[in-house]
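What follows is the residue order along each chain.
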Amino acid sequence: MAPKKAKKKSEGASSNVFSMFEQAQIQEFKEAFTIMDQNRDGFIDKNDLRDTFAALGRLNVKQEELDDMLKEAPGPINFTVFLSMFGEKLKGSDPEETILNAFKVFDPEGQGTLKKDFITEMLTTQADRFSPEEMEQMFTAFPPDVAGNLDYKNLVYVITHGEEKDQE
């Protein structure tokens with residue numbers, strides 16, 4: 001009887017993870033997971049993390065740093081584990097904070113801006129790729145400064161507080 005209970009409990013735990021997020025959020029996490037799962041085996045391991053950092057231009061990540069990241073997980077990182085790890089980190093945070101944190105991954109110095117070329121590269125080559133028209137619309141609505149930097153804090157504020165996102 002005890003094994004049955006344990007099984008039920010673990011099933012409940014995993015399905016509960018999916019109820020923490022809206023379907024659109026789950027899809028976005030799935031895209032992020034797919035980008036990070038560089039070898040496409042359904043798990044994020046040390047090599048996937050190293051490759052993800054390399055794709056972001058950070059080539060000298062220490063073994064200990066990668067090990068520490070992997071230690072945060074209770075076991076192998078499949079999508080459900082990935083989602084539950086984010087669920088724990090995002091519990092109590094609002095959508096604005098969540099989106100800002102996603103941008104901050106690409107901005108380790110905390111400048112609050114990202115290069116237009118870098119954002120274009122990421123959004124047109126990864127996961128749900130943006131079309132050139134969508135990129136043009138975004139940069140028309142949120143023009144980069146003279147140095148070619150996009151103020152993502154302003155972008156996130158407007159996404160979460162301001163104008164309708166779904167303007168056609």
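Just so we're clear, the structure is a prediction, and the values are computed from it rather than from any experiment.

Cut-offs and rules
- Residues numbered from 1 in each chain as written.
- Predicted model: local features only at pLDDT ≥ 70, side-chain atom pairs only at ≥ 80, totals over all residues.
- Heavy atoms only, no water.
- Helix = DSSP H or I, 4+ residues; strand = E, 2+ residues; numbered from the N terminus.
- Buried < 20%, exposed > 50% of the residue type's maximum accessible area, 1.4 Å probe, protein only.
- Contact = heavy atoms within 4.5 Å.
- Areas by Shrake-Rupley, 256 points an atom, 1.4 Å probe, with all protein chains shown as cover.
- Core = buried A, V, L, I, M, F, W, Y, C linked by side-chain atoms within 4.5 Å.
- Lys, Arg positive; Asp, Glu negative; His and termini not counted.
- Salt bridge = Lys/Arg side-chain N within 4 Å of Asp/Glu carboxyl O.
- pLDDT = per-residue confidence, 0-100.

1. Some words on the overall build of the protein
Looking only at helices and strands, the protein features nine helices and two strands. When the helices and strands of the protein are placed in sequence order, the string is α-α-α-α-α-α-β-α-α-β-α. Burial status across the protein gives 26% buried among its 168 residues. Restricting the contact set of the protein to residue pairs at least 6 apart, pairs at least 24 apart contribute 55%. Accessible surface computed for the protein: about 11,700 Å², of which carbon and sulfur atoms make up 54%.

2. Here we look at the nonpolar core
Judged by nonpolar contacts, the single largest core of 18 residues is most densely connected at F29, I44, I77, F79, F82 and L83. At the level of secondary structure, the elements contributing two or more residues to this core comprise α2 (23–36), α3 (46–55) and α5 (79–90). Examining the composition of this core, we find that five residues originate from one element, α5, more than from any other. Leaving out residues up to four positions away in the same chain, F82 has contacts with F29, A32, F33, M36, I44 and I77.

3. A short note on the side chain of D48
With respect to the helices and strands, the residue D48 is situated in helix α3. Put simply, D48 is tucked away with no salt bridge, and the nearest opposite charge, on R40, sits 7.1 Å away. Excluding residues within four positions of it along the chain, D48 makes contact with M36, D37, Q38, N39, D41 and F43.

4. Quick look at the pattern of salt bridges
One pass over the structure, following the stated rule, counts three salt bridges. Between K46 and D67 there is a salt bridge, and its shortest N-O distance comes to 2.6 Å. With K46 in helix α3 and D67 in helix α4 (residues 63–71), this residue pair connects regions lying 21 residues apart in the sequence. Among the salt bridges present, the one from E65 reaches R58, with a minimum N-O distance of 2.8 Å.

5. Focus on the confidence of the model for the protein
Per-residue pLDDT for the protein averages 80, and the proportion of residues at 70 or more is 84%. Per-element averaging of pLDDT across the protein places helix α1 (residues 2–19) at the bottom with 50 and α4 at the top with 91. This model gives residues 1–14 a pLDDT under 50, and the stretch forms one contact once residues within four places in sequence are excluded. Low pLDDT (under 50) marks residues 164–168, which in the prediction has one contact with non-local residues, meaning those over four places away or in another chain.

6. Considering unusual backbone geometry
In this model, R40 sits at a positive phi of 55 degrees, which is unusual for a non-glycine residue. Topologically, R40 is positioned in the loop between α2 and α3. Judged by relative accessible area, R40 falls into the exposed class, the value being 55%.

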